[in-house]
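Structural features, examined
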Amino acid sequence: MVVDRRRGLLVRLALVTLAVLLAGGSVWLLTATSAPQAGPVTTEIPALQVQPAPVRPGEVAPEPVAETIPQATSGVDPLIAWANQVSAATGVPARALRSYGNAELVLRSTTPGCKLSWATLAGIGRIESNHGQFGGAQLGADGRPSKPIIGVPLDGSVGVQHISDTDGGRYDGDATLDRAVGPMQFIPSTWARWASDGNGDGRGDPQQIDDAALAAARYLCVGGRDMGSPSGWWAGVLSYNNSVPYGQKVFGLADGYAKQSQRR
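Residues numbered from 1 in each chain as written. Predicted model: local features only at pLDDT ≥ 70, side-chain atom pairs only at ≥ 80, totals over all residues. Heavy atoms only, no water.

**Notes on the nonpolar core**
Counting residues in hydrophobic clusters, the biggest one holds 52 residues, and the most contacted among them are Tyr 100, Trp 118, Leu 121, Met 184 and Tyr 240. Looking at this core, the element that brings in the most residues is helix 6 (residues 209-220), giving nine residues. Formed by five residues, the second largest nonpolar core is a distinct cluster that contains Val 160, Ile 163, Ala 180 and Ile 187. (Core = buried A, V, L, I, M, F, W, Y, C linked by side-chain atoms within 4.5 Å. Buried < 20%, exposed > 50% of the residue type's maximum accessible area, 1.4 Å probe, protein only. Helix = DSSP H or I, 4+ residues; strand = E, 2+ residues; numbered from the N terminus.)

In structure tokens, the structure reads:
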């Protein structure tokens, strides 16, 4: 997630893929692993599976979410209990929901004026990596995907911003060019600024979804932004990816998750 103006890349790549398939050709893509691997890839591109919501930017915000995280009972972690309940209603993996819910709780405490909802983070996480499951990855109990989620090289090709290496390959395994990394798809230079420790292990890891979700939340709430207002919500999401169709997709997902969770 994040000033990743390459984010529309997933959509553009998906459209190119679709065009080639319709033309009767075959497509070879890079899997989202720490090192490129040649071969046909049949996994879904998350953004391709999401339809933009028919809304106009700045005129409406997603359905507000009530404070539904339950109180602890009988020694049960309330966040885990909440995540399990909402997962059953929305289909979002419970482990991912824990990270989105935790990020909301942290920002509710540290930056209450932001009014950031877990549902907005879930909408972004769905588009960016299918909640940490892109490329066939599975999200582990530790919040890390079974294989690193790493985007294509940002080499300045059509639809891709050119960003030379900023991290010596530390996060993306590429010492020449930057690549977006992790479930929320941070470029290394942005992660260096917003790195967060969401799981309390003393370090920030863009592949660990608690850390990534908290960093995304902090990024969205920068500058006193009110994510509960239409103008604030759209400004935040478009700062993550300056694309109206992207914002419309996040809107539809966030609004749907919020409504589904309240019907559970």
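**Here we look at the packing of aromatic side chains**
Evaluated as defined, the whole model comprises seven aromatic pairs. Both rings, one in Trp 233 and one in Trp 234, keep their centres 5.1 Å apart while their planes meet at 80 degrees; by these two values the pair is edge-to-face. With relative accessibility at 2%, the residue Trp 234 sits in the buried group. Three or more aromatic residues link up through ring pairs in this structure, and these residues are Trp 194, Tyr 219 and Tyr 240. (Phe/Tyr/Trp six-rings, centres within 6.5 Å; stacked < 30°, edge-to-face > 60°.)

**Thoughts on the environment of Ala 83**
Along the chain, Ala 83 falls in helix 2 (residues 78-90). Here the alpha-carbon distance between Ala 83 and Pro 93, two residues 10 residues apart in the chain, equals 8.3 Å. With residues near it in sequence (within four places) discarded, Ala 83 still touches Ala 94, Leu 97 and Arg 98. (Contact = heavy atoms within 4.5 Å.)

**Remarks on the pattern of salt bridges**
As enumerated under the stated definition, the model contains nine salt bridges in all. Between Arg 108 and Glu 104 there is a salt bridge, and its shortest N-O distance comes to 2.4 Å. Remark: Glu 104 and Arg 108 occur in helix 3 (residues 94-110); sequence separation between them is four residues, near one turn of the helix. Judged by its relative accessible area of 31%, Arg 108 is partly exposed. When the shortest N-O distance is used, the salt bridge between Lys 259 and Asp 255 registers 2.9 Å. Of the two residues, Lys 259 and Asp 255 are both situated in helix 8 (residues 244-262); the distance of four residues between them amounts to about one turn of the helix. (Salt bridge = Lys/Arg side-chain N within 4 Å of Asp/Glu carboxyl O.)

**Some words on the packing of helix 6 against helix 7 (residues 230-240)**
Helix packing geometry: the angle between the two helix axes and the distance between the axes. It is at 9 Å that the axes of helix 6 and helix 7 come closest, and there the two elements cross at 125 degrees. Classified by the interaxial angle, the pair formed by helix 6 and helix 7 is oblique. As for the relative orientation of helix 6 and helix 7, their crossing is right-handed in sense. Here Ala 216, Tyr 219 and Leu 220 of helix 6 come into contact with helix 7, specifically with Gly 236, Val 237, Ser 239 and Tyr 240. Residue composition of the contact of helix 6 with helix 7, by class: five nonpolar, two polar and no charged. (Axes fitted to C-alpha atoms, helices over the stretch in contact; angles between N-to-C directions. Parallel < 35°, antiparallel > 145°, perpendicular 65-115°, else oblique. Left-handed = near helix turned anticlockwise from the far one by under 90°. Nonpolar A, V, L, I, M, F, W, Y, C, P; charged D, E, K, R; others polar.)

**Some thoughts on unusual backbone geometry**
We note that His 131 has phi near 60 degrees; this positive angle belongs to a residue other than glycine. Assignment of secondary structure puts His 131 in the loop between helix 4 (118-129) and helix 5 (188-194). The residue Gln 185 is not glycine, and still its phi comes out positive at about 50 degrees.

**So, the environment of Ser 117**
Relative to the helices and strands, Ser 117 resides in the loop between helix 3 and helix 4. What makes Ser 117 buried here is its relative accessible area of 16%. Measuring from C-alpha to C-alpha, the distance between Ser 117 and Pro 64 comes to 7.6 Å, with 53 residues separating the pair along the chain. Once residues within four sequence positions are removed from consideration, Ser 117 is found in contact with Val 65 and Glu 104.

**Considerations on the packing of helix 4 against helix 8**
Between helix 4 and helix 8, whose axes approach to 8 Å, the crossing angle comes to 125 degrees. Taken together, helix 4 and helix 8 sit at an angle that is classed as oblique. The two elements helix 4 and helix 8 meet at a crossing, and its hand is right-handed. Mapping the contact onto sequence places Trp 118, Ala 119, Thr 120, Ala 122, Gly 123, Ile 124, Arg 126, Ile 127 and Glu 128 in helix 4 and Tyr 246, Lys 249, Val 250, Leu 253, Ala 254, Tyr 257, Ala 258 and Ser 261 in helix 8. In terms of residue class, the contact of helix 4 with helix 8 is made up of 11 nonpolar, three polar and three charged.

**Considerations on helix 6**
Between the first and last C-alpha of helix 6 there are 16 Å, a value that for 12 residues agrees with the 16 Å anticipated at 1.5 Å per step. Counting buried positions over the 12 residues of helix 6 gives 11, a clear majority of the element. Listing the buried residues of helix 6 in full gives Ile 209, Asp 210, Asp 211, Ala 212, Ala 213, Leu 214, Ala 215, Ala 216, Ala 217, Tyr 219 and Leu 220. Sitting at the amino-terminal end of helix 6 is Gln 208, which places a side-chain oxygen 2.9 Å from the backbone nitrogen of Asp 210. (Expected span 1.5 Å × (residues − 1). Polar contact = N/O pair within 3.5 Å; in protein donor to acceptor, adjacent residues only side chain to side chain.)

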